[in-house]
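Observations on the three-dimensional arrangement
As a plain string of letters, each chain reads:
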Amino acid sequence: MKKFQESFFSLLMNPNNKNELSELLIPAGKLLPDEVMWVYYNDYHVRLQSVLNEHFVSVWKILGDDLFFKVGKSYINSHPSLFYDLGLYGEKFTTFLKDHDVTTEFPFLPELADIEYHFQDFFHAATPLPINPKELADIQSNPLLGLIFSPLMRTYQSNYPLLEIWDLPHHEAKNLNDIEWIENDFVLYKNQLGKIKTHQLQKSQLALLQLLTERPFLTAMELGTVHFQEGEEHLVSELFQFLNSEGLIVGIKTFSV
Amino acid sequence: MDLVGIGLRTSHFNEWEDSPPQEINYLEALSENHMTSKGRPWAILEKLRENYQFSFHGVSLSIASHAGPRLDYLQVLKQFIDTFEPKVVSDHLCWTGLPHSNAHNLLPVPYNDESFLFLRDRVLEVQDFLKRPIALENLSAYVDFKTSTMSEWEFWKKLLSETDAMMMLDVNNVFVNAQNHGFDPKIYLDAIPQNKIAQVHLAGFTDAGKFLLDTHSKPVYPEVWILYRHLIQRVGAVPTIIEWDEDIPELSVVVAEAQKARAIIEECR
């Protein structure tokens with residue numbers, strides 16, 4: 001069985017490279033012996049390409065059919081699926097794009113692909129329960145306590161208008177030339193109601209959020225002050241209002257001294 | 001009441017959440033689309049379980065793989081099954097790739113004693129792990145092998161008689177294979193014991209010119225309805241699912257296909 005399957009799989013991946021199984025094939029219908037493994041080869045490529053199409057709709061829109069399918073074929077040839085769940089395929093597409101020529105013309109593609117892959121990742125993930133506000137009582141007095149944020153929250157600090165580019169497939173007549181070329185700082189997240197959303201933040205807010213992820217709460221708040229100008233206190237309260245209202249604080253952790 | 005339904009597909013989630021159809025009582029979920037998800041695909045099953053009986057149908061068991069089914073797959077599948085307790089759990093009599101590379105296709109084996117002995121043992125192992133019988137589906141295959149020593153239906157008959165496995169009898173696949181490999185589909189259907197059919201699948205194929213391709217992209221063809229009627233006349237009512245996986249139409253169109261199956265069951269009483 002092992003030898004048979006290895007021979008069959010080799011033909012499936014490279015129908016032109018005949019092996020000892022080639023002479024034993026009885027093709028379906030009017031297919032010729034030389035044609036039959038192309039049915040399986042084509043099916044393999046169509047299936048994996050269709051997952052890339054589904055996950056990376058905006059990357060597809062930017063590249064157009066011909067270029068996207070060419071990039072997809074190159075990815076499929078170099079990245080066999082290791083998963084039993086076909087829906088997980090494409091997990092390295094972002095990294096693959098970083099090293100691909102297409103990023104010369106479209107340097108934002110890896111970030112765009114990252115958003116698209118994480119969108120479907122969040123879609124399938126269970127929504128963590130937000131923390132009970134009573135549990136936050138000690139956070140302002142105990143210098144070792146810090147916040148745990150939802151794992152379904154991902155920050156983006158981009159030099160490109162990623163959100164508008166990501167939205168392009170919803171606008172048939174719109175293209176890159178119609179987009180104002182501005183920086184985008186935002187979070188992609190799944191809220192406590194299970195909705196996947198984005199929320200734009202100021203750079204100072206993102207910097208504080210980063211500190212809150214890595215440091216105890218009181219330390220983070222102290223260090224975070226350098227990112228805010230005088231009169232910007234409201235940005236801090238806005239950040240916490242956003243995190244609380246969307247249920248993105250899910251626990252408390254204790255940092256070691 | 002006879003169980004007749006359709007395959008649950010992501011493109012219909014909104015309709016299932018807002019106004020689930022009352023005309024059917026049976027729903028088949030693709031195991032891999034739900035069992036690793038804790039998001040909407042899982043939540044929708046929790047919602048629908050109150051009003052529909054479930055069948056879980058997989059594509060990645062790879063029971064014929066020389067390396068055997070993946071343990072991590074079986075573990076997740078068992079948890080999934082134990083949570084929802086579906087009426088039928090099924091996959092395909094096939095292998096899907098090698099351990100380091102999944103082709104995500106339903107790949108055939110030669111119909112001979114070596115395959116039979118290998119599969120008989122795998123069926124027993126899988127059923128022992130899942131603690132329940134499993135139904136296996138007949139494939140649409142685009143190649144046969146000179147190393148086959150028995151017909152496809154003879155192979156099935158042998159496997160079904162020597163294991164507790166049930167058959168997920170895909171009537172469309174029987175028709176497609178009959179056309180592609182040149183046999184009488186009624187001989188195939190008549191060979192399958194009535195008490196071994198867990199469920200029937202119906203779908204539409206695509207005529208690729210030189211052969212028929214199992215695409216699940218069209219309504220059930222008239223020739224396949226004739227075969228379905230032939231089967232039901234012999235075995236009586238069997239749980240039946242309409243599959244539609246490409247160019248998926250509105251939910252009502254798929255439900256209407258299921259209604260046709262129910263009508264045939266009624267007419268054959």
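Everything discussed here concerns the structure shown above.
Conventions and cut-offs
- Residues numbered from 1 in each chain as written.
- Chains lettered and ligands numbered in written order.
- Predicted model: local features only at pLDDT ≥ 70, side-chain atom pairs only at ≥ 80, totals over all residues.
- Heavy atoms only, no water.
- Pairing = 2+ DSSP bridges.
- Helix = DSSP H or I, 4+ residues; strand = E, 2+ residues; numbered from the N terminus.
- Axes fitted to C-alpha atoms, helices over the stretch in contact; angles between N-to-C directions.
- Salt bridge = Lys/Arg side-chain N within 4 Å of Asp/Glu carboxyl O.
- Expected span 1.5 Å × (residues − 1).
- Buried < 20%, exposed > 50% of the residue type's maximum accessible area, 1.4 Å probe, protein only.
- Arc of directions from axis to C-beta.
- Contact = heavy atoms within 4.5 Å.
- Buried area = accessible area lost by both parts, 1.4 Å probe.
- Parallel < 35°, antiparallel > 145°, perpendicular 65-115°, else oblique.
- Left-handed = near helix turned anticlockwise from the far one by under 90°.
- Nonpolar A, V, L, I, M, F, W, Y, C, P; charged D, E, K, R; others polar.
- Phe/Tyr/Trp six-rings, centres within 6.5 Å; stacked < 30°, edge-to-face > 60°.
- Lys NZ or Arg CZ within 6 Å of the ring centre and 35° of its normal.

1. Digging into the sheet that holds strand E5 (residues 196-200) of chain A
Sheet strands pair by backbone hydrogen bonding; their relative direction is either parallel or antiparallel. Residue and element names in this part refer to chain A. Within the open sheet, the three strands sit side by side as E3-E4-E5. Their pairing is antiparallel. The open sheet has two edge strands with one neighbour each: strand E3 (153-158) and E5. Averaged over neighbouring strand pairs, the angle between their axes works out to 20° when direction is ignored. In this sheet, strand E4 (residues 184-190) lies alongside E3 in antiparallel orientation, the contact comprising six bridges.

2. Things to note about the pattern of salt bridges
The full count for this structure, using the stated rule, is 21 salt bridges over all chains. For Asp 114 of chain A, the salt bridge goes to Arg 154 of chain A, with nearest N and O atoms at 2.8 Å. Separated by 40 residues along the polypeptide, Asp 114 of chain A in helix H6 (residues 109-124) and Arg 154 of chain A in strand E3 bring together distant segments of the chain. Here Asp 72 of chain B makes a salt bridge to Arg 70 of chain B, at a shortest N to O gap of 2.9 Å. Counted as one network, the salt bridges with shared partners bring together Glu 183, Asp 185 and Lys 203 of chain A.

3. Side note on helix H5 (residues 113-130) of chain B
All names here are of chain B. If you check H5, its first and last C-alpha atoms are 26 Å apart, about what 18 residues at 1.5 Å a residue would give, namely 26 Å. When we look at burial in H5, the residues that qualify are Ser 115, Phe 116, Phe 118, Leu 119, Arg 122, Val 123, Val 126, Gln 127 and Leu 130. Down the axis of H5, the smallest arc covering the buried residues is 165°, so these residues share one side. Residues of H5 that are buried make contact with helix H4 (71-84), strand E7 (135-137) and helix H6 (152-162).

4. Some points on the interface of chain B and chain A
On the chain A side, the residues contacting the 46 residues of chain B number 39 residues. Here chain B meets chain A over a buried area of about 3,700 Å², counting both sides, of which 64% is carbon and sulfur. Run the count over chain B and chain A and you get one salt bridge. For the salt bridge of Glu 35 of chain A with Lys 210 of chain B, the shortest nitrogen-to-oxygen distance reads 2.7 Å.

5. Re the packing of helix H7 (residues 171-181) of chain B against helix H9 (residues 222-235) of chain B
Residues and elements named next belong to chain B. Orientation of H7 relative to H9, taken along the N-to-C sense of each, is 120°, at an axis distance of 9 Å. The angle between the axes of H7 and H9 places the two elements in the oblique class. For the pair H7 and H9, the sense of crossing is right-handed. Note on element contacts: H9 touches H7 through Glu 223, Val 224, Leu 227, Tyr 228 and Leu 231, opposite Val 171, Asn 172 and Phe 175. Class assignment of the residues belonging to the contact of H7 with H9 gives a composition of six nonpolar, one polar and one charged.

6. Here's the deal with the packing of aromatic side chains
Going through the model one piece at a time under the given rule, you end up with 43 aromatic pairs over all chains. Geometrically, the ring pair formed by Phe 68 of chain A and Phe 93 of chain A is edge-to-face, given 6.4 Å between the ring centres and 85° between the ring planes. You can see Phe 68 of chain A sitting in helix H3 (residues 57-78) and its partner Phe 93 of chain A sitting in helix H4 (residues 93-98), a full 25 residues away along the chain. Judged by its relative accessible area of 0%, Phe 68 of chain A falls in the buried class. Ring pairs connect the aromatic residues Phe 56, Trp 60, Phe 68, Phe 69, Tyr 75, Tyr 89, Phe 93, Phe 96 and Tyr 117 of chain A, which therefore count as one cluster. We note Lys 38 of chain B situated over the ring of Trp 42 of chain B; from NZ or CZ to the ring centre the distance is 4.2 Å.

7. What about the pairing of E4 of chain A?
Residue and element names in this part refer to chain A. In terms of residue burial, E4 counts as a mostly covered element, since seven of its seven residues are buried. Because side chains alternate across E4, one face comprises the buried residues Asn 184, Phe 186, Leu 188 and Lys 190, and the other comprises Asp 185, Val 187 and Tyr 189, equally buried. As paired elements, E4 and E5 share five bridges and run antiparallel to each other. The residue of E5 that forms the bridge with Phe 186 is Gln 200. In this structure, the hairpin formed by E4 and E5 is closed by a connection of five residues, where Gly 194 is found at a positive phi of approximately 85°.

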